[in-house]
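# Coordinates in review
Read off the chains here:
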Amino acid sequence: MIRNYLKIAWRNLIKNKASSLINIGGLAVGMAVAMLIGLWIWDEVSYDKNFKNYDHIASAMQNQWINNATETWNGEGYPLGPELRNVYGSDFKHVLMASWTGGHILSYGDKNIKQSGNFIEPGVTDMLSLKMLKGTRNGLKDPESILLSQSTAKAVFGDVDPMYKTIKIDHKLLVKVTGIYEDLPANSSFADLTFISPWQLLVNDQHYDTRFNNPWGASWFQTFVQIADNADMDNVSAKIKNVKLNSLNKTHNDDARFRPEIFLHPMAKWHLYSDFKNGKNAGGRIQYVWLFGIIGIFVLLLACINFMNLSTARSEKRAREVGIRKAIGSMRSQLISQFYGESLLIAFIAFLFGLLLVQLSLPFFNEVSDKKMSVLWGSPLFWLIGIGFSLFTGLIAGSYPALYLSSFQPVKVLKGTFRVGRLAAMPRKILVVLQFAVSVVLIIGTIIVFQQIQFAKNRPVGYDRNGIVVVPLQTEEVGKKYEAVKNDLLASGAVASIAESENQLTDIYISNGGFTWKGKDPALQEEFVSMSVSSEFGKTMGWKIKEGRDFNAAFKSDSSGFIINEAAVKYLGFKNPVGQTINWLGNKTYTIIGVVKNMVNRSVYEPAQQTFFYLRKGPLGNVNIRINPNMSTHDAISKIGAIFKKYDPNTPFEYHFVDENYAKKFENEERIGKLASCFASLAIFISCLGLFGMASFMAEQRIKEIGVRKVLGASVFNLWRLLSKDFVALVIISLIIATPIAWYFMHKWLQNYQYRAQITWWVFAATALGAVVITLLTVSYQSIKAAMANPVKSLKTE
């Protein structure tokens with residue numbers, strides 16, 4: 001019986017080649033989209049799950065009460081680790097202090113390579129259950145040791161055995177290789193952890209002394225914990241809530257006024273639930289997991305709707321088959337099984353083609369999504385899920401046709417009195433409306449995402465970011481000889497101006513408090529973004545002076561001067577800010593010498609924060625260089641690189657263009673927009689594929705009517721309008737349904753951004769026009785073909 005079902009199903013596929021191609025093609029594309037999204041979602045939800053202690057690992061974070069609002073930070077002062085071990089030791093298996101993962105120069109012989117690593121306490125090897133390829137997990141107990149990842153060991157030592165070899169970190173810290181561990185997976189929070197050195201090595205390094213000033217007040221470091229096996233994460237988090245506040249009160253530290261609260265953020269939430277608003281977790285990437293999951297389901301549903309529509313549309317052609325089968329004794333359940341068998345065969349064939357599409361498109365999808373995903377061909381679980389996925393798709397797509405076709409009455413069919421009727425087309429029309437409504441929502445959403453990105457890109461930056469190169473000082477060599485480097489750069493002709501800065505202007509991450517000024521509200525818990533610079537910084541960056549003047553190296557008094565932005569003027573409440581004084585920590589009084597226009601130095605989607613700039617002697621960490629506009633960028637970079645190599649030959653020359661750094665601020669939204677546009681395009685393609693099939697069937701069904709109308713004098717245009725208007729009407733209905741839905745969800749999405757675009761009417765008008773045009777283009781081929789056919793051929797049998 002099953003063999004017979006499959007044989008009939010195969011014959012129907014061969015007989016109706018056009019509809020079979022549309023069904024298989026549409027389902028294959030829909031299944032491919034669903035599988036790609038499934039791979040992306042799996043990569044997201046499996047983040048960090050490679051760690052054996054996944055459910056027991058957390059990072060310590062803090063909430064601070066500032067001006068009637070709660071701010072959340074993931075940085076901590078270095079005494080937190082010892083305090084947690086001493087006071088709450090029974091609740092933890094490991095408490096580890098760590099620096100932030102960053103780039104460092106690893107030197108061995110003549111080889112100098114920049115790698116990303118961290119300084120962490122020795123328990124990290126057990127906490128992260130590192131797989132040691134050489135050495136043991138105890139390798140970090142030597143305070144002058146280093147563990148290398150497998151790829152880093154290969155990059156530094158090549159084929160030489162790295163064990164117990166001595167290398168240097170940043171040309172000054174001499175360490176011994178005591179272990180090699182397997183590279184951590186890409187979907188891991190520690191993916192860039194290519195080497196680990198002991199925390200104590202950092203503590204002992206005099207270069208980092210300033211980071212250990214004001215121990216509890218500063219938040220320079222990270223704290224990772226692994227709770228005890230019998231401990232509960234929420235209970236432990238509640239226990240340690242006031243550990244920092246209690247310590248601040250004991251030492252009468254002024255930072256106690258911020259009422260800091262320590263809490264544990266579980267590893268299970270690091271990746272998908274990383275956003276905090278007013279001290280509460282506000283989600284994060286999980287919203288995109290839900291978004292793309294829903295898109296995947298709907299795109300697959302669109303393909304299933306195509307199958308349903310085309311199968312039921314051809315019901316008259318299969319009615320006689322159903323009548324004969326019922327007349328000779330077939331039960332309805334057998335007919336349902338037969339039609340389900342056909343849909344399952346189509347779904348299985350579509351699954352195979354879908355896999356091919358996934359394999360071909362995966363490199364592009366990985367590039368767009370910034371992932372390293374692959375199809376798990378060798379995994380039995382993958383094939384089990386794939387077969388289940390095919391069965392599910394086949395059952396969903398075949399459910400309506402199977403139930404509908406098997407319901408025909410044999411007496412009416414065989415007497416020739418069976419007619420489908422006008423109401424029979426209603427479910428198909430509803431499904432077409434649903435298809436285009438989903439597609440229109442996706443299109444409108446994609447347009448608004450790109451509109452928001454463009455709105456932020458058009459925002460005034462406040463300085464001239466073109467033609468500026470930032471060179472981070474990775475070692476002390478250039479910093480110590482900065483004046484000589486500066487003179488050589490200016491003499492080279494490649495540089496128009498040069499200045500130092502503590503941070504890169506596109507990402508100022510330092511905030512400070514402890515300020516007093518005339519008219520300040522005593523209850524105000526002030527906070528300013530701050531950056532120390534050299535006197536040429538404003539000239540180099542091209543910032544725009546609104547009031548007062550720029551820094552001038554000739555004025556010694558400028559060492560006690562502030563230049564503030566417009567947001568700071570508003571924050572301070574000064575009507576005439578130039579000349580006003582501000583005291584910092586009670587130690588030094590600064591005079592405001594100038595006001596600059598607001599500059600975007602953090603998120604492009606948030607208002608500019610109150611910021612001040614002040615002079616400090618270097619080295620400051622970054623050299624900002626404005627390239628001579630009369631020299632090609634390539635030649636200028638070559639000359640600049642040669643000068644840096646002259647003064648620091650053992651450090652790789654690293655530089656960043658400011659405009660490229662600024663562009664990176666849009667990466668996440670642009671990635672989401674590109675993915676959404678891909679899925680929206682495929683949704684439209686699938687919908688048009690179904691529309692094309694429906695138009696083809698409609699033209700075939702009404703061929704005699706068209707012939708009669710043409711004989712009676714109807715023009716090709718009149719016939720085209722007759723056949724097209726029904727489809728256009730369905731699309732217009734879908735637009736009416738989709739427009740408010742799209743507006744609601746995109747309006748809600750835009751509320752995540754303080755600096756946001758307004759949803760304008762033209763987005764909906766353009767989408768509506770595009771949808772109608774696409775519909776007309778899709779159905780016009782079949783309509784015009786039918787309208788131009790010779791009526792003699794269609795009427796000769798009458």
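Residues numbered from 1 in each chain as written. Predicted model: local features only at pLDDT ≥ 70, side-chain atom pairs only at ≥ 80, totals over all residues. Heavy atoms only, no water.

Turning to the pairing of strand E12 (residues 261-266), a few remarks are in order. A regular strand carries its side chains on alternate faces of the sheet. Among the 6 residues of E12, 5 are classified as buried, and the element is accordingly described as predominantly covered. Summarising the sheet, strand E1 (residues 57-66) and E12 pair through 6 bridges and their orientation is antiparallel. Residue pairing in the sheet places Ala 58 in a bridge with Pro 266 of E12. (Buried < 20%, exposed > 50% of the residue type's maximum accessible area, 1.4 Å probe, protein only. Helix = DSSP H or I, 4+ residues; strand = E, 2+ residues; numbered from the N terminus. Pairing = 2+ DSSP bridges.)

Here we come to the nonpolar core. Counting residues in hydrophobic clusters, the biggest one holds 105 residues, and the most contacted among them are Phe 292, Tyr 463, Leu 505, Phe 537, Trp 543 and Phe 613. Apart from residues lying up to four places away in sequence, Phe 613 is in contact with Leu 505, Ile 508, Met 531, Val 533, Phe 537, Trp 543, Phe 551, Gly 561, Phe 562, Ile 563 and Met 599. (Core = buried A, V, L, I, M, F, W, Y, C linked by side-chain atoms within 4.5 Å. Contact = heavy atoms within 4.5 Å.)

All right, on to the packing of aromatic side chains then. By the definition in use, this model includes 41 aromatic pairs. Judged by centre distance (5.2 Å) and plane angle (75°), the rings of Phe 515 and Phe 612 are edge-to-face. Of this pair, Phe 515 sits in strand E18 (residues 515-517) while Phe 612 is found in strand E24 (residues 611-615), placing the two residues 97 residues apart along the sequence. With respect to burial, Phe 515 and Phe 612 carry one shared label: buried. For the ring pair Trp 584 and Tyr 614, a centre distance of 5.5 Å and an interplane angle of 85° mean the geometry is edge-to-face. With a gap of 30 residues between them, Trp 584 in strand E22 (residues 581-584) and Tyr 614 in strand E24 connect regions that are remote in the sequence. Using a relative accessible area of 11% as the deciding quantity, one classes Tyr 614 as buried. (Phe/Tyr/Trp six-rings, centres within 6.5 Å; stacked < 30°, edge-to-face > 60°.)

The next point concerns a nonpolar patch on the surface. Taken together, the side chains of Ile 733, Ile 737, Ile 741, Trp 743, Tyr 744 and Phe 745 present a nonpolar region at the surface, about 590 Å² in accessible area. Within the secondary structure layout, Ile 741 lies in helix H23 (residues 716-750). Taking relative accessible area as the criterion, Ile 741 reaches 38% and is therefore assigned partly exposed. (Patch = residues over 30% accessible without salt bridge, like charges linked within 9 Å, V, L, I, M, F, W, Y side chains within 5 Å. Areas by Shrake-Rupley, 256 points an atom, 1.4 Å probe, with all protein chains shown as cover. Salt bridge = Lys/Arg side-chain N within 4 Å of Asp/Glu carboxyl O.)

Following the sequence through the fold, Asn 86 ends up in helix H3 (residues 80-88). Relative accessible area serves as the criterion here: at 63%, Asn 86 is assigned to the exposed category. Residues Asn 86 and Met 426, 340 residues apart in the sequence, show an inter-C-alpha distance of 73 Å.

Further remarks concern the packing of helix H16 (residues 482-491) against helix H19 (residues 633-647). Closest axis-to-axis distance for the H16/H19 pair is 10 Å, and the angle between their directions is 155°. Compared by their axis directions, H16 and H19 come out roughly antiparallel. The hand of the H16/H19 crossing is right-handed. Contact residues: Ala 484, Val 485, Asp 488 and Leu 489 in H16; Ile 640, Ile 643, Phe 644, Lys 646 and Tyr 647 in H19. Its residues assigned to classes, the contact of H16 with H19 comprises 7 nonpolar, no polar and 2 charged. (Axes fitted to C-alpha atoms, helices over the stretch in contact; angles between N-to-C directions. Parallel < 35°, antiparallel > 145°, perpendicular 65-115°, else oblique. Left-handed = near helix turned anticlockwise from the far one by under 90°. Nonpolar A, V, L, I, M, F, W, Y, C, P; charged D, E, K, R; others polar.)

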